[in-house]
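A look at the structure
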Amino acid sequence: MRIYKNGKIYTENENNDVAEALVTDGKTILYAGSEEGAEKLAAATGGAETVDLGGKTMLPGMIDSHIHPGMCSKSAWHVRLPWTEDADELLAVVGE
């Protein structure tokens, strides 16, 4: 469990609250609110590592790494043509 504190923690909830502290178990946000509330939660669950944000801003984020196989396969058939009016040059690129 970790407590992040000493920074501006934007929650992006319906009220756009800025929290003093955030508690996470590494996968799930368990609490966002006052430092006092975060410390109480940590104490009740056996303690937590504290991360000092040093006055920095913490924003919610998402890492989404994915592809669209259909789109990738279509792009494999595309030909990048040079900007030219020379028909022979264009035919050579298409031939490659």
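A brief look at the structure comes next. (Residues numbered from 1 in each chain as written. Predicted model: local features only at pLDDT ≥ 70, side-chain atom pairs only at ≥ 80, totals over all residues. Heavy atoms only, no water.)

1. Considering the environment of Glu-96
- Within the fold, Glu-96 resides in the segment after helix 3 (87-95).
- For the pair formed by Glu-96 and Glu-12, sequence separation is 84 residues and the distance between their alpha carbons is 51 Å. (Helix = DSSP H or I, 4+ residues; strand = E, 2+ residues; numbered from the N terminus.)

2. Section: a nonpolar patch on the surface
- Taken together, Val-79, Leu-81 and Val-94 make up a surface patch of nonpolar side chains, about 260 Å² in accessible area.
- Relative to the elements of secondary structure, Leu-81 occurs in the loop between helix 2 (69-75) and helix 3. (Patch = residues over 30% accessible without salt bridge, like charges linked within 9 Å, V, L, I, M, F, W, Y side chains within 5 Å. Areas by Shrake-Rupley, 256 points an atom, 1.4 Å probe, with all protein chains shown as cover. Salt bridge = Lys/Arg side-chain N within 4 Å of Asp/Glu carboxyl O.)

3. Some remarks on the side chain of Thr-24
- As for its position among the elements, Thr-24 is in strand 2 (residues 18-24).
- Reaching out from Thr-24, the side chain makes a polar contact with the backbone oxygen of Thr-28 at a distance of 3.0 Å.
- Sequence-distant contacts of Thr-24, that is, excluding residues within four places in its chain, are made with Met-1, Arg-2, Tyr-4, Ile-29 and Leu-30. (Polar contact = N/O pair within 3.5 Å; in protein donor to acceptor, adjacent residues only side chain to side chain. Contact = heavy atoms within 4.5 Å.)

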